[in-house]
Every structure is written in C-alpha cells, then in structure tokens.
Amino acid sequence: MASFFLLFDKSDRLNYADQDSLNPGCFIVDDKSGCYIVSDSRIDYRRELAGELGIKWNVAEGLSDSKLILFAYLKWGEECLSHLYGDFSFVIWDPGRDMILCARDHFGCRPLYYIDQPGFLAVASQISAFKSLPGFRFKIREQYILDSICSIERTETLSAYKGISRLKPAHYLKLGFGQLSDQYRYWDLKINENYSGLTLEEASDGLKDRIVEAVRQRIQTFGQIGVELSGGLDSSGIASVLAMLLGPNVRINAFTHSASSDGIAQQMPLKNEMEFSKAIVEKYSSIRQFEITGENSEGGYKALIEALYSLYKPINLHYAMNSDLLFEVAGNLGTSIMFSGLGGDEGITNNGSGYFNELISHGQHSKLRDNIKSIVHRRGSRFFRKLIKLYINYYAPWVLNLYKKDWRKARYRSFALQKSLARKYKMKRRFYSTPFLPGKPTVRDIQYFRIRYPTIPERIEETALLAQQHGIEYRYPFLDVKLVEFFYSLPSEYKYKDGMGRYLFRIAMEEILPEKIRMRSDKGGNTIPNVFARVLKDEEIFRKIIEEGRLKNHYHYVDYDKIDDMLDSFKKTGALKQQDYGLREFQSSMSVLILQNWQREGKIDIGIKC
C-alpha cells in the first residue's frame, strides 16, 4: 500500500499542491491536460478496463494502476468510477476544470481522509500524515472515546479526531474554485434483473465462476501468498480456490488460530476447528499450514500496546489487534499478500436469514413447512414448536419479546463507562438507537444491511495498518463488486434451501471443498480462541494500569470496578457462557486508560483528557 498527503491552497485557485510527502511511484502527470493523480490503488479487471479505454492489452499490461485511473478520468470524468473495480483511494487535480476529485473504493478497502478549511484542503491516505500540516494539532473527539467503550459503531464520515473527515466507501469528493466540498455516492448495491431469473444450475455455475475470478484478479501481483484459514466455509473456500488456481507447485502459507491448552481451560467450551482446517491441507498439497496458538508468546498487553502505537485511538474492533502473532509469523516467513474470507458472512455465504419471513409474507406455507421438516430431520428439533414460534415472531413479535431476555440491557450493563458521563451524553439512548434491521427483514434486506455496515471498512483499515508493519497487504475476494452484485440479485430460495443456509455456496463449491467442510452446519468457537488466555498472562500489568488510572487520572472515562470484574470473570472456566462481559468491552476500556496514561506522561499529544 502506498501512502500520500496533498495540501491544496484554495486562495490560489487550487493550483498548488505540497508534494513533499508523496511516494513517487503513485504520482502520475498527464502532460497534455496538466491533470495529475496521486493514488493508493490496486485495480482489478484491468484487461476489461483497457478494452473500454481502447488501449491494447500488450500496452495496458505495463501501465500502473494510477495511470489507468487517470486515463479513465480523462475519458469519462467522474463517471470513470462506474468503470473501476478493485481497492483504491485517489486524488486527481484537473487544472482545466479547476477541480479536485477524490474517490474511495466500493467497500472502503483503502482509506481516505481530509481536512476541509476555508483556506485549504488537505487529503491523506492515512491520518498520521496530517502531522506534517503546519499548525494542526490532533484532538480526539470525546464522543469517539465513549462510543468505543460502549462498542457503538462509528458514523462513516467521522474520524477519531476533530476536524478530520473520512470519505465514505463508494463515494467521491468534488471541490471546485469557490465551492464547498461535498460527498457523492457513485455506487449502491442493487438488483440486476438479468440474474434474478437464472435456474439453480445457472446460478451455481455463475457463482462458482465469479468466486474463481475474484480470487484470480487478486493474485495478479508477485509475492509470497498467504491465507487466513479456519475450519469455516469462507476461509476454506478462499484457500481452496487459491490452491486450485496456483497449482501444486506454488506454495501457499496458511495461518490458523487455535486454542492452546491454557486457552481451552480459560475460554468457554470450544469446538476444535483444527480437524477442519487440516482437511484443506490434506486435499491441497501446496498449502503449508502454520498453527498460531499463543502458548509461548507474550500476553495480551503486547497486542494492545502495538495496536495503540499504530492507531493512537481507542480500540473498538479487535480482530486485527489480536492477530499480532499471525502477522509476526507471516512476516517472518516473507508473506507479502494475505487473503481473507472477510465479507463472506456479509455477502455470498450469508446463511439465508430472512427467508422464512419471505415465505410467510408470500403465503408459501407449504414451502415453509418443508424447510422446517428438513431442519427437524437434520438437527432433531421439534417441528410444531419451531413452526409456531416463526408465525408468532412474524405476526406478533411482541409476544416473544415478553419472554426473551433483552440482550441490549445486558450488553449495556457490561460497558465500563463512567456513570456520570453516560448520563451526560445520554449513552444508553445512543446505544439503543444503533441502526437495526427493519421489521420482518428479507434475505436481501439482511445482506444489504450487513455488507454496508461501517464495521467492514473500519476493520479493513485497522488490519491494513497493523499488517503493514510486517510487510503484509490484505486481499478480500468476497468483497469483489461483480461477485457481490451477482449473488445479491439471485432468488432467496437458492440461498436457503431444504432447511440449509449458505445453500448455493455449498453447491458451487462441490469438488473444490472437502465434503466435511462443504456440508457442515456446526461452525463454532472463537475466531481467535487464545485471546482470553493471553489477557490473563498479563493480569498483573492490567491491574496496575487500572489502579494507576483510578489514582492519577483527574478525568475518568471508565468504571474501574467494572474492569476489575471483567478480569475476574475471565478466570472462571466456562463462565463466559453465562456472563455478559466480553473481550471487546475490556480491551476498549483498557485502551482508553493507556492513552490517558501516555497523554499524562507526555508520550503523546492527542488531546485526550487525563
């Protein structure tokens, strides 16, 4: 990934840019038009784009991604974004139109931030680049801190710092002389009617072809390839297609998180996923597996500190931070490209949730009963009990709400937020107003909601920053736009069939995935099962930080007693199944205390109260 920082002076008709911080490899100028582009990009479907641009492939093959984007802009203007696929963020300065165009890819795989002031516009691919902006000081937003403690997903346009805005995925920013900047959406997930009438066989073949192509597009660069491999459908599917495309003579490093003996003792009862990931290794000889247990590693304090050194903001999403051991092993092996199954659950491998709502709303009661019978046959549940529950949930959901626990109350009680701040900022109301699905959602409603949720770009960005320290760049085939659009447009009955979720994906992966994985419906456990054991290795360090915050902070964000209780709960074997504390709540609160400590000792200056 290439980083960039640009500073435009608005008073001089936007014709000045500070290029001192630019990476020369991502800066391209068109001599004829005077336009230039700075980008952090990886463009997919390059041959298709070259054809649309009228450039012969033997010429286009040697062009950089930045140059292809610039050629697309010179031909189509802002409409070039409807022709671009891949991971990208870029800035184009067009002197002929007195205009700056900034854009970010469809799912936010490459970040882009900006500061828009009356006299200047500063644009950067990483927030840290704004350190070079004269007179600018980082000041963290207090609402961001409180949201982190309460696990509230952030608004897409807001960054952690005052004055710094984030360009949303699938949006572009356009600024002309004398105009205010604004964000415009260039893409949205919509139904393509050409796909909605396909037969099951056509849909299965089409899905398989697009999955294979999505992976192929992302291996068009040199470097040692790795893959995150669990025993689930998503990562197993990516690993299998990689091995199939690269052939038996190209080695693939596969990295699997597994529970150490200590981890199993401290964590809730876990299903051992290793037998499933090993089935992939047995099927494809080119895959070399590395097991990440954390048995002989440093504790959870190391992971938290390393993440904060890179991010300098409270931790809210934890997958990347707790993957530090994976990054370390992968980097030492020379892995430069890492494939991930992220986006599968949200997109093409979603489990068909919402299908029963559709059947009831369309009066397809016999089809509903057939699906319930299949579930009963496979899982041994009670037919009439499940059927009645579905109808009550659809027609009178308030009845079931009388008997089931309100998970929001339990979750909110678990947050270690200082009570006076919670009242001052009305955090309970804010937490309860977190966007939820509409009532009686369909399969497409759920897919749209999940794949556009702001956790995806934030997780991708944090993963990129932390993996970059080890020379690793991530690729996400399941976030391929063509693939996602195809699956979204298909009939719901292909996504959930015969009482089985992820149905079409299972059919498409026949002969590619081992059968014990392809047809499994018992995926369980924690994605990174050793995390609780690692936290407890550093229990004394965390207790000391908590006590220092209690005694030395003049401004208190967290409830210290509650954080202590969290640590106590992690030591109770199997207790995590019953109680409401989770690792995310603990690590978020601890990250705030550590940042306060650093600010108090003068190690950082991000404006956090301490």
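Please read these numbers as outputs of a predicted model, since none were measured by experiment. (Residues numbered from 1 in each chain as written. Predicted model: local features only at pLDDT ≥ 70, side-chain atom pairs only at ≥ 80, totals over all residues. Heavy atoms only, no water.)

**Things to note about the pairing of strand E6 (residues 113-116)**
For step 1, the next point in the chain: When E6 meets strand E7 (residues 120-124), the two strands line up antiparallel, connected through 4 bridges. Residue pairing for E7: Tyr 114 is matched across the bridge by Val 123.
For step 2, the next point in the chain: Counting the residues in the hairpin turn of E6 and E7 gives 3 residues.
For step 3, the next point in the chain: As paired strands, E6 and strand E8 (residues 165-166) are joined by 2 bridges and run antiparallel to one another. By the bridge assignment, Tyr 113 is partnered in E8 with Arg 166. (Pairing = 2+ DSSP bridges. Helix = DSSP H or I, 4+ residues; strand = E, 2+ residues; numbered from the N terminus.)

**Considerations on a negative patch on the surface**
For step 1, the next point in the chain: On the surface, a cluster of negative charge is contributed by Glu 201, Glu 202, Asp 205 and Asp 209.
For step 2, the next point in the chain: For Glu 202, a relative accessible area of 41% translates into the label partly exposed. (Patch = residues over 30% accessible without salt bridge, like charges linked within 9 Å, V, L, I, M, F, W, Y side chains within 5 Å. Areas by Shrake-Rupley, 256 points an atom, 1.4 Å probe, with all protein chains shown as cover. Salt bridge = Lys/Arg side-chain N within 4 Å of Asp/Glu carboxyl O. Lys, Arg positive; Asp, Glu negative; His and termini not counted. Charge placed at Lys NZ, Arg CZ, Asp CG, Glu CD. Buried < 20%, exposed > 50% of the residue type's maximum accessible area, 1.4 Å probe, protein only.)

**Thoughts on the sheet that holds strand E12 (residues 252-257)**
For step 1, the next point in the chain: Spatial strand order, E13-E12-E11-E14-E15: 5 strands in an open sheet with parallel pairing. For this open sheet the edge positions go to strand E13 (287-292) and strand E15 (473-475), each flanked by a neighbour on one side alone. The sheet shows a mean angle of 30° between the axes of neighbouring strands, taken without regard to direction.
For step 2, the next point in the chain: As defined by bridge partners, E12 adjoins E13 across 6 bridges and the pair is classed as parallel. (Axes fitted to C-alpha atoms, helices over the stretch in contact; angles between N-to-C directions.)

**A word on unusual backbone geometry**
For step 1, the next point in the chain: Of note in the backbone geometry, Ser 151 takes a positive phi value of approximately 55° without being a glycine.
For step 2, the next point in the chain: Among the structural elements, Ser 151 can be located in the loop between helix H4 (142-149) and E8.
For step 3, the next point in the chain: Owing to a relative accessible area of 7%, Ser 151 belongs among the buried residues under this scheme.
For step 4, the next point in the chain: Phi at Ala 170 takes a positive value of approximately 60°, unusual for a residue other than glycine.

**Let's talk about empty space enclosed by the protein**
For step 1, the next point in the chain: As enumerated under the stated definition, the model contains 7 cavities of 30 Å³ or more in all.
For step 2, the next point in the chain: Reported here for the largest cavity is a volume of approximately 80 Å³.
For step 3, the next point in the chain: Residue lining of the largest cavity: 14 residues in total, with Gly 86, Arg 218, Leu 479, Asp 480 and Val 481 positioned closest to the centre.
For step 4, the next point in the chain: When residues of the lining of the largest cavity are assigned to their parent elements, the largest contribution, 3 residues, is made by strand E4 (residues 85-94). (1 Å grid on protein atoms, 1.4 Å probe; cavity = no way out; pocket = protein on both sides within 12 Å on 5 of 7 lines; lining within 4 Å. Points joined across faces, edges and corners; volume = space filled by probe spheres on them.)

**A few points about the side chain of Ser 297**
For step 1, the next point in the chain: Position of Ser 297 among the secondary structure elements: in the loop between E13 and helix H10 (300-311).
For step 2, the next point in the chain: A residue is classified by how much of its surface remains accessible, and Ser 297, at 19% relative accessible area, is buried.
For step 3, the next point in the chain: Of note is the side chain of Ser 297, whose polar atom sits 3.0 Å from the backbone oxygen of Gly 294.
For step 4, the next point in the chain: Sequence-distant contacts of Ser 297, that is, excluding residues within four places in its chain, are made with Leu 325, Arg 534 and Lys 537. (Polar contact = N/O pair within 3.5 Å; in protein donor to acceptor, adjacent residues only side chain to side chain. Contact = heavy atoms within 4.5 Å.)

**Thoughts on the sheet that holds strand E2 (residues 27-29)**
For step 1, the next point in the chain: As summarised here, the arrangement of the 6 strands in space is E2-E3-E4-E5-E9-E10, forming an open sheet in which the pairing is antiparallel. Two strands bound the open sheet, and with one partner strand each, they are E2 and strand E10 (182-185). On average, each strand axis in the sheet is tilted by 30° relative to the strand beside it, whichever way the strands run.
For step 2, the next point in the chain: Sheet topology note: the E4/strand E5 (residues 99-104) ladder contains 6 bridges and is antiparallel.

**What to know about the packing of H10 against helix H28 (residues 583-600)**
Think of two packed helices as two axes; the pair is described by the angle between the axes and how far apart they sit.
For step 1, the next point in the chain: Close contact between H10 and H28 brings their axes to 11 Å; oriented N to C, the two are set at 60°. Of the possible angle classes, the one that applies to H10 and H28 is oblique. The hand of the H10/H28 crossing is right-handed. Contacts between H10 and H28 involve Tyr 301, Leu 304, Ile 305, Leu 308 and Tyr 309 on the former and, on the latter, Gln 587, Met 590, Ser 591, Ile 594, Leu 595 and Trp 598.
For step 2, the next point in the chain: Class assignment of the residues belonging to the contact of H10 with H28 gives a composition of 9 nonpolar, 2 polar and no charged. (Parallel < 35°, antiparallel > 145°, perpendicular 65-115°, else oblique. Left-handed = near helix turned anticlockwise from the far one by under 90°. Nonpolar A, V, L, I, M, F, W, Y, C, P; charged D, E, K, R; others polar.)

**A few points about the packing of aromatic side chains**
For step 1, the next point in the chain: Scanning all chains against the criterion turns up 32 aromatic pairs.
For step 2, the next point in the chain: Summarising the aromatic geometry, the rings of Phe 8 and Trp 93 are spaced 6.5 Å apart at their centres and angled 50° between planes, so their arrangement reads as tilted. Of this pair, Phe 8 sits in strand E1 (residues 5-9) while Trp 93 sits in strand E4, and the two are 85 residues apart along the sequence. Exposure class is identical for Phe 8 and Trp 93. Each is buried.
For step 3, the next point in the chain: On the basis of an interplanar angle of 75° and a centroid distance of 6.1 Å, the ring pair of Phe 478 and Phe 505 is categorised as edge-to-face. Here Phe 478, found in the loop between E15 and helix H21 (481-489), pairs with Phe 505, found in helix H23 (residues 503-508); they are 27 residues apart in sequence, far enough to count as distant. Exposure class is identical for Phe 478 and Phe 505. Each is buried.
For step 4, the next point in the chain: Taken together, the ring pairs in this structure connect Phe 5, Phe 130, Phe 136, Phe 138 and Tyr 161 into an aromatic cluster.
For step 5, the next point in the chain: Over the face of the ring belonging to Phe 487 we find Lys 495, whose NZ or CZ atom lies 4.7 Å from the ring centre.
For step 6, the next point in the chain: Against the face of Phe 276 rests Arg 520, its NZ or CZ located 3.6 Å from the ring centre. (Phe/Tyr/Trp six-rings, centres within 6.5 Å; stacked < 30°, edge-to-face > 60°. Lys NZ or Arg CZ within 6 Å of the ring centre and 35° of its normal.)

**Overview of the confidence of the model for the protein**
For step 1, the next point in the chain: The share of residues in the protein with pLDDT of 70 or more is 90%, and the mean pLDDT across the chain is 88.
For step 2, the next point in the chain: In the model of the protein, helix H8 (residues 261-266) stands out as the element of lowest mean pLDDT, 51, in contrast to helix H6 (residues 200-217), which has the highest, 98.
For step 3, the next point in the chain: Here residues 575-580 is modelled with pLDDT under 50, and outside its nearest four sequence neighbours on either side it reaches 14 contacts, counting other chains as well. (pLDDT = per-residue confidence, 0-100.)

**A short note on the pattern of salt bridges**
For step 1, the next point in the chain: Taken as a whole and judged by the stated rule, the model has 37 salt bridges.
For step 2, the next point in the chain: With a shortest N-O distance of 2.7 Å, Arg 42 and Asp 87 are connected by a salt bridge. Taken as a pair, Arg 42 in strand E3 (residues 36-44) and Asp 87 in strand E4 lie far apart in primary sequence, 45 residues in all. Like Arg 42, the residue Asp 87 is buried in the burial classification.
For step 3, the next point in the chain: Where Glu 458 meets Lys 313, a salt bridge forms, and the shortest distance between an N and an O atom there is 3.9 Å. Placement of Glu 458 in helix H20 (residues 455-468) and of Lys 313 in the loop between H10 and helix H11 (324-332) is noted, with a sequence separation of 145 residues between them.

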